[in-house]
Amino acid sequence: MSTKSLPSYLQQVLKHHVDASQLTHDEELQGIIDRLSALNEKVESVKNQIKANRRAKQ
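Residues numbered from 1 in each chain as written. Predicted model: local features only at pLDDT ≥ 70, side-chain atom pairs only at ≥ 80, totals over all residues. Heavy atoms only, no water.

Draft legend 1. Examining unusual backbone geometry more closely. Even without being a glycine, S21 presents a positive backbone phi close to 60°. Inspection of the secondary structure assignment puts S21 in the loop between α1 (6-19) and α2 (27-57). Overall, S21 belongs to the exposed group, its relative accessible area being 65%. (Helix = DSSP H or I, 4+ residues; strand = E, 2+ residues; numbered from the N terminus. Buried < 20%, exposed > 50% of the residue type's maximum accessible area, 1.4 Å probe, protein only.)

See below:
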């Protein structure tokens, strides 16, 4: 079962608020989105390492 990581979910929520005109897509928001993207990449990397370790133990 694959689920969204928290950083990915937060990006989706921020995009929804921008689309609903509750937030403006400015430089500060872009910085937050960029940092969430980097964090999401790290989370996915760790998840893949865990999966590989579990397969190796079987």
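Draft legend 2. Summary view of the environment of V18. Its place among the elements puts V18 in helix α1. In contact with V18, not counting residues within four places along its chain, are L23, H25 and L29. (Contact = heavy atoms within 4.5 Å.)

Draft legend 3. Molecular detail of a nonpolar patch on the surface. Where nonpolar side chains cluster on the molecular surface, the patch consists of L6, Y9 and L10 and spans about 300 Å² of accessible area. Among the secondary structure elements, L10 is positioned in helix α1. Residue classification places L10 among the partly exposed residues on the basis of a relative accessible area of 35%. (Patch = residues over 30% accessible without salt bridge, like charges linked within 9 Å, V, L, I, M, F, W, Y side chains within 5 Å. Areas by Shrake-Rupley, 256 points an atom, 1.4 Å probe, with all protein chains shown as cover. Salt bridge = Lys/Arg side-chain N within 4 Å of Asp/Glu carboxyl O.)

Draft legend 4. Quick peek at the side chain of N40. Tracing the backbone through its elements, the reader meets N40 in helix α2. In this structure N40 comes out as buried when scored by relative accessible area, which is 17%.

Draft legend 5. Fine view of α2. Compared with the 45 Å implied by 1.5 Å per residue over 31 residues, the 45 Å span of α2 between its first and last C-alpha is a close match. For α2, the full list of buried residues reads L29, G31, I33, L36 and N40. Here the buried face of α2 lies against α1. (Expected span 1.5 Å × (residues − 1).)

Draft legend 6. Examining the pattern of salt bridges more closely. The tally for this structure, following the rule as stated, stands at two salt bridges. One salt bridge in this structure joins D19 and K15, with 2.9 Å as the shortest N-O distance. A residue pair is termed a helical-turn pair when its members lie 3 or 4 positions apart in one helix, as D19 and K15 do in helix α1 at four residues. Comparing D19 with K15 shows no difference in burial state: the two are exposed.

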